[in-house]
Amino acid sequence: MLGIFCTALLSAAVSVYIFHDVDKDQIGHWNEVFAGLCVESILFTVVVGGGVALLTLLGRYLFHLKRYSPRSKLGLFLGICVTVLQYPWDFVGRAAFPKLADFSLSLYLIVIIFLCSIVIVRDNFKQMKFCQVSAA
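From a predicted model like this one, the values you see are computed outputs, not experimental measurements. (Residues numbered from 1 in each chain as written. Predicted model: local features only at pLDDT ≥ 70, side-chain atom pairs only at ≥ 80, totals over all residues. Heavy atoms only, no water.)

## What to know about the overall build of the chain
Condition: Strands are runs of DSSP state E lasting at least two residues, helices are runs of H or I lasting at least four, and both sets are numbered from the N terminus onward. Our radius of gyration is a C-alpha quantity, and the globule rule it is checked against amounts to 2.2 Å times the number of residues to the power 0.38. In this scheme, a residue with accessible area under 20% of its type's maximum is buried, one over 50% is exposed, and one in between is partly exposed, where area comes from a 1.4 Å probe on protein chains only.
On a plain count of helices and strands, the chain comes out with four helices and zero strands. Listed N to C, the secondary structure of the chain is α-α-α-α in terms of helices and strands. For a compact globule of 136 residues, the expected C-alpha radius of gyration is about 14 Å, and the chain comes in at 18 Å, more than 25% above that figure. Projected onto its principal axes, the C-alpha coordinates of the chain cover approximately 65 × 30 × 20 Å. A burial count over the chain gives 31% of its 136 residues as buried.

Spelled out as structure tokens, the structure:
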């Protein structure tokens, strides 16, 4: 969640204050736009982080991986990637299907939550295999 939140805040600051990527009626109101993007960043972090945490806990419970914790570097890397990949996904979605832009972002949230959960649970399996080999 930390990777998602920090990267989202950084990209929001760059988008607003450097690239001035705002609506035409918001030009000159940089702080208001940035505040709105901060709220979006918090919601994005909670939705993605909460979904990944829930599915990961469920996967760890179902596959009996309770003793193997997710690696913090992997979580940070996934959080950064989730945020960095959102902008190209949104850009391509709006260019290819302008009327389905909201659907594209919803699909992104669903795909990224499942993908991150799969990566984390798979890493827990690797940890389990490594511990079994080193114990033998």
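Now, onward.
## Some words on the nonpolar core
We count it as follows: In these notes, a set of buried Ala, Val, Leu, Ile, Met, Phe, Trp, Tyr and Cys residues joined through side-chain atoms within 4.5 Å is what counts as a nonpolar core.
Formed by Ile4, Phe44, Val48, Val52, Leu74, Leu78, Val82, Tyr108, Ile112, Ile113, Cys116 and Ile120, the largest nonpolar core amounts to 12 residues. Mapped onto this core, the elements with two or more residues apiece are helix 2 (30–62), helix 3 (72–96) and helix 4 (101–135). Top element by residues in this core is helix 4. It accounts for five residues.

## Considering the side chain of Ser104
Note the threshold: Contact between two residues is taken to exist if any of their heavy atoms lie within 4.5 Å; hydrogens are not considered.
Its place among the elements puts Ser104 in helix 4. Ser104 gets classed as buried once you look at its relative accessible area, which sits at 12%. Not counting the four nearest positions on each side in its chain, Ser104 is found in contact with Trp89 and Gly93.

## Re the environment of Gly3
With respect to the helices and strands, the residue Gly3 is situated in helix 1 (residues 2–18). C-alpha separation for the pair Gly3 and Ser69, spaced 66 residues apart in sequence, amounts to 18 Å.

## Notes on the environment of Asn31
Our working definition: Here a polar contact means two N or O atoms within 3.5 Å. Within protein one must be a hydrogen donor candidate and the other an acceptor candidate, and residues neighboring in sequence count only if both atoms are side-chain atoms.
On the secondary structure map, Asn31 appears in helix 2. For Asn31 and Leu109, which are 78 residues apart along the polypeptide, the C-alpha to C-alpha distance reads 27 Å. A distance of 2.6 Å separates the side chain of Asn31 from the side chain of Tyr17, its partner in a polar contact.

## Brief notes about the side chain of Ser41
On the secondary structure map, Ser41 appears in helix 2. Contacts of Ser41, omitting those with residues within four sequence positions, involve Phe5, Ala8 and Leu9.

## Observations regarding the pattern of salt bridges
The condition is simple: Only one rule defines a salt bridge in this text: a Lys or Arg side-chain nitrogen within 4 Å of an Asp or Glu carboxyl oxygen.
Scanning the model with the defined rule gives two salt bridges in all. Between Asp123 and Arg71 there is a salt bridge, with the nearest N and O atoms lying 3.0 Å from each other. Of the two residues, Asp123 sits in helix 4 while Arg71 sits in the loop between helix 2 and helix 3, which places them 52 residues apart along the sequence. Accessibility expressed as a relative area gives 44% for Arg71, which makes it partly exposed. Among the salt bridges present, the one from Asp90 reaches Arg94, with a minimum N-O distance of 3.0 Å. Of this pair, Asp90 and Arg94 both sit in helix 3, four residues apart, which is roughly one turn of that helix. Taking relative accessible area as the criterion, Asp90 reaches 17% and is therefore assigned buried.

## Here's the deal with a nonpolar patch on the surface
In plain terms, the rule: Residues form patches when they are more than 30% accessible in relative terms and have no salt bridge. Like charges link within 9 Å. Nonpolar side chains (Val, Leu, Ile, Met, Phe, Trp, Tyr) link within 5 Å. Where accessible areas are quoted, they stem from the Shrake-Rupley method and a 1.4 Å probe; at the residue level, only the protein chains shown are allowed to cover.
On the surface, a cluster of nonpolar side chains totalling about 710 Å² of accessible area is made up of Trp89, Phe97, Leu100, Phe103, Leu107, Val111, Leu115 and Val119. It is helix 4 that provides the largest number of residues to the nonpolar patch, a total of five residues. What makes Leu107 partly exposed here is its relative accessible area of 36%.

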